[in-house]
Amino acid sequence: MNLTQLVLASHNGGKLKELQAMLGDSVTLRSVSEFSLVEPEETGLSFVENAILKARNAARLSGLPALADDSGLAVDFLGGAPGIYSARYADGQGDAANNAKLLEALKDVPDEQRGAQFVCVLALVRHADDPLPILCEGLWHGRILHAASGEHGFGYDPLFWVPERNCSSAELGPTEKNQLSHRARAMVLLRQRLGLQ
């Protein structure tokens, strides 16, 4: 597939910058906010469904091929929660409230039962009705700490222990995080599918 321009189904400038850096210079990412400020309702029951829904919406609005990312945190002890509801786990009250709710849900749970993974599904559609979206999944395995640690990142990063670095995700610098993260792992697969080296 020869793509020079993609619209990213996100209004998040940080995510646009991060994904553009991972994609490289051969493909230009544009934000869907250039075409509309309305967010589609995420009615899917999985990361895959929501990523496809967002990609189709962005392609429809822009007339361009579209890339969407749906990601979140899945905690083993909680049966995969917060999952697709990660960003609004504490009823949309933000990262601090989400982290506090997660810590409360895992109160008294021992380390060996605090396994978790960040999940990212990237969906790329050539057009809004593309019958064959490209789907790439990245998982980043770790566990949930008992208290926040670190100043970098966002979301659940301060609670996510990265065993291969012996620190939390929020203690990693952006460059290192972008090499290890769930989003980075999904992007490696997408670059392969698109023939980008």
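Because the structure is a prediction, the values reported are computed rather than measured.

What counts as what
- Residues numbered from 1 in each chain as written.
- Predicted model: local features only at pLDDT ≥ 70, side-chain atom pairs only at ≥ 80, totals over all residues.
- Heavy atoms only, no water.
- UniProt positions renumbered as here; feature names shortened; annotations may be inferred.
- Helix = DSSP H or I, 4+ residues; strand = E, 2+ residues; numbered from the N terminus.
- Polar contact = N/O pair within 3.5 Å; in protein donor to acceptor, adjacent residues only side chain to side chain.
- Pairing = 2+ DSSP bridges.
- Buried < 20%, exposed > 50% of the residue type's maximum accessible area, 1.4 Å probe, protein only.
- Arc of directions from axis to C-beta.
- Contact = heavy atoms within 4.5 Å.
- Axes fitted to C-alpha atoms, helices over the stretch in contact; angles between N-to-C directions.
- Salt bridge = Lys/Arg side-chain N within 4 Å of Asp/Glu carboxyl O.
- Parallel < 35°, antiparallel > 145°, perpendicular 65-115°, else oblique.
- Left-handed = near helix turned anticlockwise from the far one by under 90°.
- Nonpolar A, V, L, I, M, F, W, Y, C, P; charged D, E, K, R; others polar.

**Q** Could you clarify how one ought to interpret the UniProt feature "active site" (unreviewed entry) in the protein chain in this entry?
**A** The residues that UniProt annotates with the feature "active site" (unreviewed entry) are Asp70. Considering the arrangement of structural elements, one finds Asp70 in strand β3 (residues 66-75). Within the structure, the side chain of Asp70 is placed 2.9 Å from the side chain of Lys54, a separation counted as a polar contact.

**Q** Looking at this model, I keep getting lost on the pairing of strand β5 (residues 134-144). Mind explaining?
**A** In summary, the side chains of a regular strand alternate between the two faces of the sheet. When strand β4 (residues 115-125) meets β5, the two strands line up antiparallel, connected through 10 bridges. Opposite Ala116, over in β5, you have Gly142 as the bridge partner. With two bridges joining them, β5 and strand β6 (residues 160-162) adopt antiparallel strand pairing. Opposite Ile144, over in β6, you have Phe160 as the bridge partner.

**Q** Help me understand helix α1 (residues 13-23) in this model?
**A** In an α-helix there are 3.6 residues to a turn, and that puts residues three or four apart on one side. Here α1 has its buried residues at Lys15, Glu18, Leu19, Met22 and Leu23. Projected down its long axis, α1 carries its buried residues within an arc of 130 degrees, all on one side. Turned more than 90 degrees away from the buried face of α1 sit Lys17 and Ala21, all of them exposed. Those residues of α1 that are buried are in contact with β1 (5-8), β2 (28-31), β3, α4 (174-180) and α5 (182-194).

**Q** Please explain the sheet that holds strand β7 (residues 167-168) as it appears in this structure.
**A** Hydrogen bonding along the main chain pairs the strands of a sheet, whether they run parallel or antiparallel. As summarised here, the arrangement of the seven strands in space is β2-β1-β3-β4-β5-β6-β7, forming an open sheet in which the pairing is mixed. Here the strands that pair on one side only, and so sit at the sheet edges, are β2 and β7. Looking at chain direction, β6 and β7 are connected through two bridges and run antiparallel. In the sheet register, Trp161 faces β7, and the bridge partner there is Ser168. The strands touched by helix α2 (residues 47-62) are β1, β3, β4 and β5; relative to β3, the strand with the most contacts, the crossing angle is about 155 degrees.

**Q** Would you explain the pattern of salt bridges in this entry?
**A** Any two side chains of opposite charge can pair, on the condition that their charged atoms come close. Under the definition given, this model contains 13 salt bridges. Across the salt bridge formed by Arg30 and Glu34, the nearest N and O atoms sit 2.7 Å from each other. Owing to a relative accessible area of 25%, Arg30 belongs among the partly exposed residues under this scheme. A residue is classified by how much of its surface remains accessible, and Glu34, at 48% relative accessible area, is partly exposed. Across the pair Arg165 and Glu176 runs a salt bridge whose closest N-O atoms are separated by 2.4 Å. Residue Arg165 is located in the loop between β6 and β7, and its partner Glu176 is located in helix α4; the two are separated by 11 residues in the primary sequence.

**Q** Looking at this model, I keep getting lost on the packing of α1 against α5. Mind explaining?
**A** To describe two helices that pack against each other, one gives the angle between their axes and the distance between the axes. Close contact between α1 and α5 brings their axes to 10 Å; oriented N to C, the two are set at 45 degrees. Our classification of the angle between α1 and α5 gives oblique. Note on packing geometry: the crossing formed by α1 with α5 is right-handed. Between α1 and α5, the contacting residues are Lys15, Glu18, Leu19, Met22 and Leu23 on the first element and Arg183, Ala184, Met187 and Arg191 on the second. Grouping the constituent residues of the contact of α1 with α5 by class yields five nonpolar, no polar and four charged.

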